[in-house]
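Read off the chains here:
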Amino acid sequence: MTSVPAPVPSTSPADSDLVRAARGLPVSRTPVWFMRQAGRSLPEYRSLRAGTAMLEACQDPDMVTEITLQPVRRHGVDAAILFSDIVLPLLVAGVDLEIKAGIGPVIADPVRSVADVDALPGLEPEALGFLQTAVRQLVAELGPTPLIGFAGAPFTLATYLIEGGPSKEHARTKAFMYAEPEAWSRLLDKLAVSAAIFLRAQVDAGAVAVQLFDSWAGVLSAADYAERVLPFSRSVFDALGDRDVPRIHFGVGTGELLPLIGDAGADVVGVDWRIPLDEAARRVGPHRSLQGNLDPAVLLADRATVDREVRRVVEQGRAARGHVFNLGHGVLPDTDPGVLTHVTELVHELTAR
Ligand code: CP3
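Residues numbered from 1 in each chain as written. Predicted model: local features only at pLDDT ≥ 70, side-chain atom pairs only at ≥ 80, totals over all residues. Heavy atoms only, no water.

Describing the site of the ligand
Moving on, step 1. Around the ligand, a shell composed of 26 residues is seen, among which Arg 36, Tyr 45, Asp 85, Ser 215 and His 329 lie nearest.
Moving on, step 2. At 2.9 Å, a side-chain N or O of Arg 49 approaches an oxygen atom of the ligand.
Moving on, step 3. At 2.8 Å from a nitrogen atom of the ligand is found a side-chain nitrogen or oxygen belonging to Asp 85.
Moving on, step 4. Out of a free accessible area of 870 Å², the ligand has 91% covered by protein chains.
Moving on, step 5. Mapped by element, the contributors of at least two residues to the shell around the ligand are α2 (43-49) and β3 (104-107). (Near = heavy atom within 4 Å. Polar contact = N/O pair within 3.5 Å; in protein donor to acceptor, adjacent residues only side chain to side chain. Areas by Shrake-Rupley, 256 points an atom, 1.4 Å probe, with all protein chains shown as cover. Helix = DSSP H or I, 4+ residues; strand = E, 2+ residues; numbered from the N terminus.)

Focus on the packing of aromatic side chains
The way to describe two aromatic rings as a pair is by their centre distance and the angle between their planes.
Moving on, step 1. Under the criterion given, the structure shown has four aromatic pairs.
Moving on, step 2. Consider the rings of Phe 213 and Phe 250, whose centres lie 6.0 Å apart with planes at 80 degrees: the pair is edge-to-face. Of the two residues, Phe 213 is situated in strand β5 (residues 209-213) and Phe 250 in strand β6 (residues 247-250); the sequence distance between them amounts to 37 residues.
Moving on, step 3. An aromatic cluster is defined as three or more aromatic residues linked by ring pairs; in this entry it consists of Phe 150, Phe 213 and Phe 250. (Phe/Tyr/Trp six-rings, centres within 6.5 Å; stacked < 30°, edge-to-face > 60°.)

Re the sheet that holds strand β8 (residues 289-294)
Moving on, step 1. If you trace the seven strands from one edge of the open sheet to the other, you get β1-β4-β5-β6-β7-β8-β9, paired in parallel fashion. Looking along the sheet, the strands with just one partner apiece sit at the ends: β1 (80-81) and β9 (323-327).
Moving on, step 2. Where β5 lies against β6, four bridges are found, and the strand directions are parallel. Counted as the bridge partner of Phe 213 is Phe 250 from β6. (Pairing = 2+ DSSP bridges.)

Describing the side chain of Ser 233
Moving on, step 1. Mapped onto the secondary structure, Ser 233 falls in helix α12 (residues 230-238).
Moving on, step 2. Sequence-distant contacts of Ser 233, defined by excluding residues within four places in its chain, comprise Ala 153, Pro 154, Leu 212, Asp 214, Tyr 225 and His 249. (Contact = heavy atoms within 4.5 Å.)

In structure tokens, the structure reads:
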């Protein structure tokens, strides 16, 4: 058997290790990035953000550019993720909401009735000029490093709109889903359309991969997910049309949903820390890559534990068609940024071809 020659590191974002791993192609080493890498674990982020509200910062192209670049400079990660938020498209469309520090998105007038669903404003692509300016600036600054665009999936956005803020059980959301199936479909359809507009704006300005965050889908049974949620997430990916960018699909607590999460149209399935990647690879099958799945809490432990767990994730990731190293969920705010740099270097060292 002839071995495939390892590619030399690419100078083009569209041919980077991130994009190649996402497509199951050979890489020069396993690409690494961290969900929530742009944010509160970085002192340079905290000082830049001081005095500016989160959603204000998201609409300032220079701030978005600088905050997105900070973790790339500091850690040498293999991808940038746009500094923004899943609720930004709702705000831009005209929904009254804010992100409260330490709490998360809070909606002034939650969606609780069929009339509320029908009154929800739609997103106009023309309103996203600031976002496209930020993406273009970033692509120019990033050089060979790929930029990942993202959006919130319809279900996860619906939980914020219906609950009015973060929630544990998402009971109101599920009750609405069961009690008002037609309004539920209209709501998820609206959110799918706006997520697609948000993603297309980023890809058309130069993002070379996208991630759909369905963070809270894990609260659903597989049957409910398949019937009442998956079709709308699939329509977000479908709306990318012939834009040739790999699609990453992520949720927390989705062990039982992994095959479905893949079926919704993903090239890469994001996995949290509850399931080892070799088991996730069995569930997802040979036609998709995996992203994950170091427990973010491990980064708060001693160095020997960090190293042991990173090695385990790298080893188990070898079972996947392609592996993008990441955490199983976002970086915790009190993570020592030095540990993130160390993990990036260790993964690179362990996987250099
Ligand atoms: O990953 C990145 O570094 C890129 C930027 C990014 C943010 N939010 C910035 C942010 C991304 C990709 C998100 C996605 C997001 N936002 C998700 C999906 C990912 C996940 O964590 O499951 C969700 C559910 C949200 C909604 C949201 N926004 C929450 C739950 C919070 C945290 C509340 C808190 O303060 O603990 C936010 C705020 C937020 N979004 C911050 C950042 C950097 C913190 C705001 C601050 O600095 O005060």
